[in-house]
Amino acid sequence: MKKATRQFTKNHNITLVLKTIFQQTAVSRAEVARITRLTRTTVSDIVGALIEEGLVHEVGVGESLGGKRPMLVAIEKDARVILCMDLSRRGFRGALVNLRGEILERTNGGREHYRGEAALQQVFAQLDNLVEKTSQPILGIGIGTPGLIDTREGVVRRAVNLDWNDLPLKKILSERYHLPVHVANDSHVAALAEYSYGELRDVPNLVVVKAGEGIGSGIVLGGKIFYGDGFAAGEIGHLVVGDNGLLCTCGNYGCLETEAGTRAILQRAANLVEQHPGVLPQANPNAKLNLEDVHQAFLAGVPQVTELVSAAARALGVAIANLIGVLDMQQVILSGEITELGEPFLDLVRQQARRRVLSDMVENTTLRLSSLGADHVLLGASALVLSQELELP
Ligand SMILES: [Zn+2]
């Protein structure tokens, strides 16, 4: 049943009809025929087969266009579920997602930092748990992970934080679960999530800058992830943006991550507190300083914090200006933990980016915060499976 889904939709006409139905809330067979330019008989046959597969169902009659009121069909959003995982540095999270990107169940590995074999075992534990939570047919497994990922082979070439090198994750998971598996870089899938489920749904070209402890970007070109020749497209975290920057784990000074990553911001804030006790009030003085504390002090206009946050905004602005200059994309989205600093921070980033790009280009460019919140990688992983298995959306 599970593998059969892909087998079944390999036929181009079936994919076309499914896609057309997917793009509408509800649609008549005649309307599908008009949009796809297939004959009504062909459409009727295919819709019949899709109903049999459970992917489509009849939802009632629509407006009459002269004759009999037509029966409308729609996607059966729970006909298949997708097992998704986000292996970000903030902690592993899993979700069971339906065909419309709705999260039905969740799993969470806490904030623990898993590495090597323990990280793989944690992936198994959460996927096992998700499998147990559903009785629906599973379309596939989608994984969004930091690192350099060979998406074609499903191999994690290098993920420093997970201590994975040349790990054949797709092979390991396919053998364990007997399901189609798709693995990609977390920033890459975050971009696909925006195209599939975000405010910019169906905008074919966009770029997402994902900034947390690490910083990366993802590019969607013509509705598909642009991976680059070596699967490292948009890998901007180690772009040098600061002249007198700090030493980075990669050996360079002033990388984007050491200037604007959340770990770097928090480290600078902690140094500030050490030098000037009381300058940055914490919501919970017994806990570690967090980004929300920095956010509050920034909103309150504490000068040293404004300076610190502005420096991060400048670094991000430089990187975003470079992306706009190279790609000429008009839709840029900032996602990840850094969005906790809110619109005032985005304004600073926008100002910094504007200064560095031709004014004609900037006029047509929109920089916005992601509307998908912390689920962007999970939703991107689900969108990856949806696009690979059913060619949707
Ligand atoms: Zn670096």
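Keep in mind that this is a model prediction, so the values were computed, not measured.

**Observations regarding the sheet that holds strand S12 (residues 206-211)**
If you trace the 5 strands from one edge of the open sheet to the other, you get S14-S13-S12-S15-S16, paired in mixed fashion. In the strand order of this sheet, the two ends are held by strand S14 (224-225) and strand S16 (366-369), each with one partner. Here helix H7 (residues 186-197) sits on the sheet and contacts S12, strand S13 (215-221), S14 and strand S15 (331-335); the angle it forms with S12, its principal contact strand, is near 130 degrees.

**Looking at the environment of Asp328**
Along the polypeptide, Asp328 turns up in the loop between helix H11 (303-327) and S15. Exposure remark for Asp328: the 13 C-beta atoms within 10 Å place this residue in the partly exposed category. Residues Asp328 and Thr365, 37 residues apart in the sequence, show an inter-C-alpha distance of 8.6 Å.

**Considering the domain arrangement of the protein chain**
Quoted interface sizes are often the accessible area lost when the parts come together. Under the domain assignment, the protein chain is made up of domain 1 (2-75), domain 2 (81-196 + 376-390) and domain 3 (199-371). Placing the centre of domain 1 and that of domain 3 at their C-alpha centroids yields a distance of 43 Å.

**Brief notes about H11**
For H11, which comprises 25 residues, the first-to-last C-alpha distance of 35 Å matches the rise-based estimate of 36 Å (1.5 Å per residue) to within 8%. Two residues or fewer after H11 comes Asp328, characterised by a positive phi angle close to 50 degrees.

**Regarding the sheet that holds strand S2 (residues 56-61)**
Strand order in the open sheet formed by 3 strands is S1-S3-S2, with antiparallel pairing between adjacent strands. Bordering the open sheet on either side are strand S1 (27-28) and S2, each of which pairs with just one other strand. Looking at chain direction, S2 and strand S3 (residues 71-75) are connected through 5 bridges and run antiparallel. Bridge pairing in S3 links Val61 to Met71. Across the sheet, helix H2 (residues 12-22) lies against S1, S2 and S3, angled at about 95 degrees from S3, the strand it touches most.

**What to know about the packing of H2 against helix H4 (residues 40-53)**
Contact geometry for H2 and H4: axes closest at 10 Å, N-to-C directions at 80 degrees. By the angle between their axes, H2 is roughly perpendicular relative to H4. Contact residues: Asn13, Ile14, Val17 and Leu18 in H2; Thr42, Val43, Ile46, Val47 and Leu50 in H4. When grouped by side-chain class, the residues that make up the contact of H2 with H4 number 7 nonpolar, 2 polar and no charged.

Cut-offs applied
- Residues numbered from 1 in each chain as written.
- Predicted model: local features only at pLDDT ≥ 70, side-chain atom pairs only at ≥ 80, totals over all residues.
- Pairing = 2+ DSSP bridges.
- Helix = DSSP H or I, 4+ residues; strand = E, 2+ residues; numbered from the N terminus.
- Contact = placed C-beta atoms within 7 Å.
- Axes fitted to C-alpha atoms, helices over the stretch in contact; angles between N-to-C directions.
- Buried ≥ 20, exposed ≤ 12 C-beta atoms within 10 Å, placed from the backbone.
- Domains from an automatic or database assignment.
- Expected span 1.5 Å × (residues − 1).
- Parallel < 35°, antiparallel > 145°, perpendicular 65-115°, else oblique.
- Nonpolar A, V, L, I, M, F, W, Y, C, P; charged D, E, K, R; others polar.

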